[in-house]
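# What the coordinates show
Here is how the chains run, residue by residue.
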Amino acid sequence: MTRSKIAAFLALAFIVLFCFAGVTATTTVKDTTVAIEMGMPKLLFSLSSAPLLLIPLALVAAVAAFIAFIQDEKNVGMLFSFVATVAFGLFMVFFSMEQKNSALYTPIAEALELAEVKFKKRDVKLITPGFNIVTYLTLVSIALSCVIGHGDFSKERRHILKRDLLPYAYIGPHLFFFIIFFMTPAIYGVYAAFTKWDLFTEPVFTGLENFKTLFFDSTNTYYKQLRNGLWNTIKFVLMCVPFCIIVPLSLALALNARPKGNKIFQALYYLPSLMSISTVTLTWRYVFNTQYGIVNKFLGVDANFFMPPYTWVMLVIVTVWWCTGSTMVIYQSALASVPQDQYEAASVDGAGTIQKFFNVTLPNMTYPLMYTLVTSVVAQFNIYGQPDILVGFSNAEANSVLLQYIYENSVKKQVAGMSSAMAVILGLCIMVVSFIQMRMMVKNQQD
Amino acid sequence: MKKTLALVLSLVMLLTAATAMAATEINYWSVFTGGDGAVMQGMVDAFNASQDEVIVNHTPMTADDLYQKIPLTVQTGTGIPDVCVVHIERIPNFVDQELLYSYDLDLVAEAGIKQENYNQAAWVKSTIDDEQYGIPLDVHGYITYINKDLFDQYGLNEILADGYITFDEVKWAGDKAKEQGFTGKTFDLGWMRAQMLGYYAQLADGHKLTDDGVAPALDREAMKKAMETMKELYEQGYTTTKTDDYSSMFYGGELLIWSEGIWMKAAAVDAGVNFEMYPAVCFDPATCKEWMSSHNFVQFADEERTEEEDLAVAKFVNFMGENSLVWAKDAGQVPAHVSLNEVAEFASMPQAFLADPAREDELAIYYYLHWGLFDTAFSRIGWDFVDGTIEIDAAIDQVLQEVADAIAAQ
């Protein structure tokens, strides 16, 4: 058996052993000592301890190492198994330093109740964590895989090694943070959608219960909130996205004609994009103020922009004003790359400005237009700050968007399982819409 | 050599002495971020300057932020404040979640804290299972301000004779002022949750929010009557609209009767408006009640907090109680420390009527395990039933359903 295959076997052993690995916990309350053991996969989904974020990184790296070793890419395999070893090792170090891990509290409390000890949470002062033998074997297997799978370190091989590893060095830092702070929480979020969870205690797996409530229990608050929030979000996307395309496109076309002072205007139009959502919304709050706002003063009306249906007008104006700059820059860049000879040929054929726009400019801007369409749709589906700061969370039936419900339910009301299910549904909607748009974009390019 | 040894020894002794005399540092979180935040910081500074045994580090934040952060902080076990100010209604839920430690009454007595020193309505509300979880700083609530200049100008003072203002009198005052050319609004719809719970308390015996202590329940007829009254006032044009800046309107002489928190007194003084304060507008003076709350000093669960720190906290809390005249003067609150009731300067303040023990029954402090959920659900429908966005019965159903569903889904 070659070294690669042994290393691959060990990397695989890491993944298999992980399923049987576990942590131990011991505590003493009123002279009674209880100990419990908890399987690592269960601990992984207890959603309660920061060091747990390192485990998915270790697992992803171990899978990558296994694939690399199978393909006899020893150096790459070694790199990934090294990452897996460090990640898993760090998890063990950090986890054992936690003196009162909340994931371990629930089973410890159950063990104390079983031992008929009357106690309060505060009596459980110290939970000493530890690991069972399989956990240490898990670490050893991946560490051995790293050692056994190392490549040839001759001068020539070192050069090749450097060349092979350089791309990973470039993407490594991003990948590291992406896996720990984005991918892993996203996976946990999806898992939480299948649980009943108050953020503080261990989540209870309830299968599809949350989705059943959200889709079929018409008397339930969350059923109504999902429908209302999603419909309001879709309404906002339909109202806002066209303007998020047309307004910056118009401005880009105007600036492309190089009028006097175009650089100043370009900077002015771009400026709002640099502002935070709080700054933008608080400023516009005064602009639209019913009594003292300049909009009503200027128009000579007494409109209440904070009440539906005018609220939507205000939200679209504020959002378009905020988003225009960054989209406009993309269009300006696309306009600059439209070949001039096409315009000249169109002129020779007698085309006017409008014909040139539709037959030369637009066909050359298909890609940036589709790109900005996708990003605008995704961004507007995620609307939160504008309605939250401008109008607050009132007019429940009128302009509360789904993300407001999700935030309130999870953070303020600690109904984290249900709100994760709502977030998953919102995510799926965005994925479906984006997928359709991407398909259209690819098809357009092929045509 | 001897000199060197002596120098080293004296340095060691100095260091030891310095360590022994080192002040106990305690971290204090509060919900005071506006004008009251500056007053609170002044009180903390005064405490720090008054002695050298305890140093208090004050971190103010909005109530919403604090209530979101604190359970997570206690959960992580790091950075837990030694003492914290929370609203009294939150205490039952914190106790239920075992997030709070009760006070060791013997220990705090060493610093001067005793039950008889405090407003009993506030003290007993934070006594749970014979354990004391909160020490009140103040009581505060939603009451009524009247613009005295406008009242004089339009001859409305007769409605103030008995010290109470009823809803019928509000209408009468509005009509009379309008007849004489007043173009502003009569009455404001402000922080609807606080306002409505005051009116509900006047109509519902015991101002209940639950029957069994867990599931939400309202006296529907009482809540309906309170809501219908607000809607009627709005539809008849007596009240401000949703986006009216009612505070500025009151300061600017465009609002006759301002329903607001007592904490806005300082702002009203700064604005230079000539005002007087009265109990909440009522249906019947005999059953008048105000929605009230109380800022309480509590200690969140922290295994690492020492007895020395607990004593330092007690000294700080006692100082704040004994020296809360400034809290009444500059932040407009009613101090919970009863010694202040005998101070002439406090007795002359417009909010002092709330400290009258004879009025204790008027103070409607709510007590419900799931207050946080109720607060969120009720705050959402705040204005919607007034302008017809939602029917009154549907609004009540929505609140009850939302709280019940949240309890079930937690």
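Residues numbered from 1 in each chain as written. Chains lettered and ligands numbered in written order. Predicted model: local features only at pLDDT ≥ 70, side-chain atom pairs only at ≥ 80, totals over all residues.

Within chain B, the regular secondary structure consists of 17 helices and 15 strands. A globule of 410 residues ought to have a C-alpha radius of gyration of about 22 Å, and chain B, at 24 Å, matches this closely. If you line up chain B on its principal axes, its C-alpha atoms span 100 × 50 × 35 Å. Here the analysis covers contacts within chain B between residues at least 6 apart in sequence; of these, 78% occur between residues at least 24 apart. (Helix = DSSP H or I, 4+ residues; strand = E, 2+ residues; numbered from the N terminus. Rg over C-alpha atoms; globule rule 2.2 N^0.38 Å. Contact = placed C-beta atoms within 7 Å.)

Each domain of chain A was delimited in the assignment, giving domain 1 (3–192) and domain 2 (212–446). Placing a centre on the C-alpha atoms of domain 1 of chain A and another on those of domain 2 of chain A gives a separation of 42 Å. (Domains from an automatic or database assignment.)

What follows covers the interface of chain B and chain A. Taken together, the contact between chain B and chain A spans 28 residues of the former and 31 residues of the latter. Mapped onto the side of chain B that touches chain A, the elements with two or more residues apiece are α3 (63–76), α16 (371–380) and α17 (392–409) of chain B. Tallying contributions element by element places α17(B) first for the side of chain B that touches chain A, with 5 residues. For the side of chain B that touches chain A, the per-class residue count stands at 9 nonpolar, 10 polar and 9 charged. (Nonpolar A, V, L, I, M, F, W, Y, C, P; charged D, E, K, R; others polar.)

Bringing the sheet that holds strand β2 (residues 32–39) of chain A into the picture now. All names here are of chain A. The strand order across the open sheet built from 3 strands is β2-β1-β3, with neighbouring strands paired in antiparallel fashion. Every other strand in the sheet has two partners, leaving β2 and β3 (128–131) as the edge strands with one partner each. Put simply, the sheet's adjacent strands are angled 20° from each other on average, direction ignored. As paired strands, strand β1 (residues 22–29) and β2 are joined by 8 bridges and run antiparallel to one another. Opposite Thr27, over in β2, you have Val34 as the bridge partner. Against the sheet, helix α5 (residues 102–114) touches β1, β2 and β3, its axis set at about 135° to β2. (Pairing = 2+ DSSP bridges. Axes fitted to C-alpha atoms, helices over the stretch in contact; angles between N-to-C directions.)

Residue and element names in this part refer to chain B. Where α16 meets α17, the axes come as close as 9 Å, and the angle between the chain directions of the two elements is 140°. Compared by their axis directions, α16 and α17 come out oblique. Our pair here, α16 against α17, has a crossing hand that is right-handed. When α16 is examined against α17, the residues Leu373, Phe374, Ala377 and Phe378 are found in contact with a partner set consisting of Val399, Glu402, Val403, Ala406 and Ile407. (Parallel < 35°, antiparallel > 145°, perpendicular 65-115°, else oblique. Left-handed = near helix turned anticlockwise from the far one by under 90°.)

Let us look at the domain arrangement of chain B. Residues and elements named next belong to chain B. According to the domain assignment, chain B contains domain 1 (17–137 + 294–358) and domain 2 (141–290 + 370–409). Computed from C-alpha atoms alone, the centre-to-centre distance between domain 1 and domain 2 is 29 Å. Taken residue by residue, the interface counts 14 residues in domain 1 and 12 residues in domain 2. A class-by-class count of the residues in the side of domain 1 that touches domain 2 yields 5 nonpolar, 5 polar and 4 charged.

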